[in-house]
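Each chain, written out:
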Number of protein chains: 2
Amino acid sequence: MKIIVDAMGGDHAPQAPVEASVRAAGELGIDIVLVGDTPVIEKELSKYKYPKERITIAHAPDVISNHEEPAKAVRHKKGASVVVAAGMLKRGEGDAMLSMGNTGALLAAGLLIVGRIKGIVRPALATILPTAKGPKLLIDAGANTNCKPENLVQFGIMGSVYMENVHAAKTPTVGIISNGEEEGKGDELTKKAYPKMKQAPFNFIGNIEGRDVMEGTADVMVCDGFVGNVILKTVEGMGHVIGSMVKQLFTKNLKTKIGALFVMDGVKDFKRMMDYREYGGAPLLGTKRPVIKGHGSSDALAVFSAIKQAEKFVSTDVIKCIEDKIKYDIMEENNNA
Amino acid sequence: MKIIVDAMGGDHAPQAPVEASVRAAGELGIDIVLVGDTPVIEKELSKYKYPKERITIAHAPDVISNHEEPAKAVRHKKGASVVVAAGMLKRGEGDAMLSMGNTGALLAAGLLIVGRIKGIVRPALATILPTAKGPKLLIDAGANTNCKPENLVQFGIMGSVYMENVHAAKTPTVGIISNGEEEGKGDELTKKAYPKMKQAPFNFIGNIEGRDVMEGTADVMVCDGFVGNVILKTVEGMGHVIGSMVKQLFTKNLKTKIGALFVMDGVKDFKRMMDYREYGGAPLLGTKRPVIKGHGSSDALAVFSAIKQAEKFVSTDVIKCIEDKIKYDIMEENNNA
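Everything numeric in this text was worked out from a predicted model, so none of it was measured.

Participant: Provide a residue-level description of the interface of chain A and chain B, including the pertinent values.
Facilitator: The interface is formed by 48 residues belonging to chain A together with 48 residues belonging to chain B. Across the chain A/chain B interface, buried area totals approximately 4,200 Å², and carbon plus sulfur atoms make up 74% of it. When the area that chain A buries against chain B is broken down by residue, the three leading residues are F226(A), M238(A) and F262(A), summing to 16%. Across the contact surface, chain A and chain B share 2 salt bridges.

Participant: Can you tell me about the sheet that holds strand β1 (residues 2–6) of chain B, naming the residues and giving the values?
Facilitator: All names here are of chain B. An order of β3-β2-β1-β4-β11-β10-β5-β6-β9-β7-β8 is seen for the 11 strands of this open sheet, with the pairing classed as mixed. Two strands bound the open sheet, and with one partner strand each, they are β3 (55–59) and β8 (203–208). The mean inter-strand angle of the sheet, taken between neighbouring strand axes irrespective of direction, is 25 degrees. Where β1 lies against strand β4 (residues 96–99), 3 bridges are found, and the strand directions are parallel. For V5, the partnering residue across the bridge sits in β4 and is L98.

Participant: Talk me through the relation of the copies chain A and chain B; I want residue IDs and the actual numbers.
Facilitator: Note on the copies: chain A fits chain B at an RMSD of 0.0 Å, the axial shift is 0.0 Å, and the rotation between them is 180 degrees. The relationship between the two copies is best expressed as a two-fold rotation axis. Residue G259(A), judged by its C-alpha, is the member of chain A lying nearest the rotation axis, at 2.1 Å. When the interface residues of chain A are mapped onto chain B, 100% of them are again interface residues, pointing to one common binding face.

Participant: Let's hear about the packing of helix α10 (residues 254–274) of chain A against helix α9 (residues 225–251) of chain B: which residues, and what values?
Facilitator: Closest axis-to-axis distance for the α10(A)/α9(B) pair is 9 Å, and the angle between their directions is 150 degrees. Considering their axes alone, α10(A) and α9(B) lie roughly antiparallel with respect to each other. Considering the relative orientation of α10(A) and α9(B), their crossing is right-handed. Contact with α10(A), carried on its side by V263(A), G266(A), V267(A), F270(A), M273(A) and M274(A), involves M238(B), I242(B), M245(B), L249(B) and F250(B) of α9(B) and no other residues of that element. Of the residues belonging to the contact of α10(A) with α9(B), the class tally is 10 nonpolar, 1 polar and no charged.

Rules of the game
- Think of each chain on its own: its residues are numbered from 1, step by step along the sequence as written.
- To label them, take the chains in the order written and letter them from A, then take the ligands in the order written and number them from 1.
- Local features in this predicted model are restricted to residues of pLDDT 70 or higher, and side-chain atom pairs are both shown and tallied only at a pLDDT of 80 or more, whereas totals for entire chains, interfaces and linings draw on every residue.
- Side-chain metrics in this entry use all non-hydrogen atoms of the structure; hydrogen atoms and water are not considered.
- We call two residues contacting when some pair of their heavy atoms lies within 4.5 Å.
- Once two parts are joined, some of their accessible surface, as seen by a 1.4 Å probe, is lost; buried area is that loss totalled over both.
- Here, a salt bridge means any Lys or Arg side-chain nitrogen found within 4 Å of an Asp or Glu carboxyl oxygen.
- Whether two strands pair depends on DSSP finding at least two bridges between them.
- Helix and strand labels come from DSSP, where a helix needs a run of H or I of at least four residues and a strand needs a run of E of at least two; each type is numbered from the N terminus.
- Under this scheme, a helix contributes an axis fitted over its contacting stretch, all axes are lines through C-alpha atoms, and angles between N-to-C directions fall in the 0 to 180 degree range.
- Each copy is superposed on the other by least squares, with the fit set by C-alpha atoms of residues at a pLDDT of at least 70 in both.
- Just so you know how the angles are binned, under 35 degrees is roughly parallel, over 145 roughly antiparallel, 65 to 115 roughly perpendicular, and the rest oblique.
- It is the rotation of the near helix from the far one that decides the hand of a crossing: anticlockwise by less than a right angle makes it left-handed, clockwise makes it right-handed.
- Residue type decides the class: Asp, Glu, Lys and Arg count as charged, Ala, Val, Leu, Ile, Met, Phe, Trp, Tyr, Cys and Pro as nonpolar, and the leftover types, Gly among them, as polar.

Put into structure tokens, the structure is as follows:
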């Protein structure tokens, strides 16, 4: 298996992607293509010992920064690392790609270069949230600001397949995020989506509410990308605020510092559970080949987790399963029409 | 000053509203009308000593439960406590009303019985969130699922007045909750609202994101009631999940229990900061007289805080200020047209 890693994207590039790739090549026994400026990557690689035959470099002289207009940049910057990586993925010169760079550019590269699975109208960004009941999937976490009910149904299908294959969830439960549990609750989009979700080929449990998000009530939480982005960032922001408070709490004075020693292990467990770095990146679901968005602030551990996730994304055949389910869903719809 | 308290709404009625009213009559020196089933309230009141002249009862034999269709129930159940209370408020038999019961019924009673301020198209539910920078206002927290850009502008005006008067915020900052900071970001609603917010008579700071919610970036966070409901419940749910984890963390074994003793004070501060009971209820802004929704699970402390809040809502003349600003805003709009 070969994973294509954008070596130039993210706050800690190229150090974090290169270090993680070296670790992945050694520990996971997979091949890696690092995409980016060859001399820069070579210099970074020279710091490590690693199985030389497992890591290759694909030259890409440019980078798309976070301030560029994504679709335009993807169309015109042919030498950008994310564009080169997506081209390789499309041609089968790797089994999955991973980038920590500009999210919009990665989405655009996924759509325009890698291409959509036949039948999928809108690929969606899915993200794992660490809930009280373990890792659960939020989809769409920000790829599609304005959605139609049919899009939400497809998000449910794709999310359900992903959770079943990659997170071993048995007949994953799927809920629509709404402002009330009853079928009649919701905005125009979610109200129209509800009856369609009932017919869809997954385990639909109806509407869920904001309080269910971190309770982990549903394996797959479906919403449009506007709501998903707001939820994801609210949760991240609140995690950050509470983290700072807990730190303050324990470092206030000598007494609290002593107290901290007694509960250190538990605090570490807690931090680990809330740590996005353990959960890999956000898969873009609906493209013809696996594309993963790593967090922009990923360190080497986070990139390593995302490479492991890419490996599982490929080995569990998520895309083939989505293709099959979508075919079935469209067939059913035509039969009912 | 006289506050009208629905004695029958909420999980801990009539105990919590009655206990809180007794405390408020004594400590705050205000008059209270308890609305509900007279014998039930009398029995509850008999448990306390209080200044008799300060607390009266208005009989209301019925209750609107959480399972009833709100607008219909408000129209037909003339003897329901929330309906009787709203009628009294409309007739000026009290200066503000407070209910911990069915949210939809309170909103309907506010709209249909108390009535809107002239010029306000949609009253909105506003809620205080305890952020890293102190209490901030989220509006609309759930009254209006589908909104127009003009509604968001009015939410900004009303929220701004409320924060200035009740929370002493100086020229409160107002942001639209969106999926990106730049002006071009957002769904159809927020994109259209942005240029209108720039013209509005408040301190508009542009789009804010989910991560800003608990950071407290803006004094007033504006969104439609669907998004607001999801945010509010996500934050509440996450608070609950983290609260349980912290409890588990400290009660795991003898060692952690000892640790807990050392940091107890800090944990208490932290809990107090996150405790909605300290922040009163959610004001319904845009009605002709002050209406406050208390949390359904309010205990006596929470109801007492909400009564204090009602007292401040009245004494700081929030409604008069909203009326003035709305008149000015409509005048400006006509001038520009």
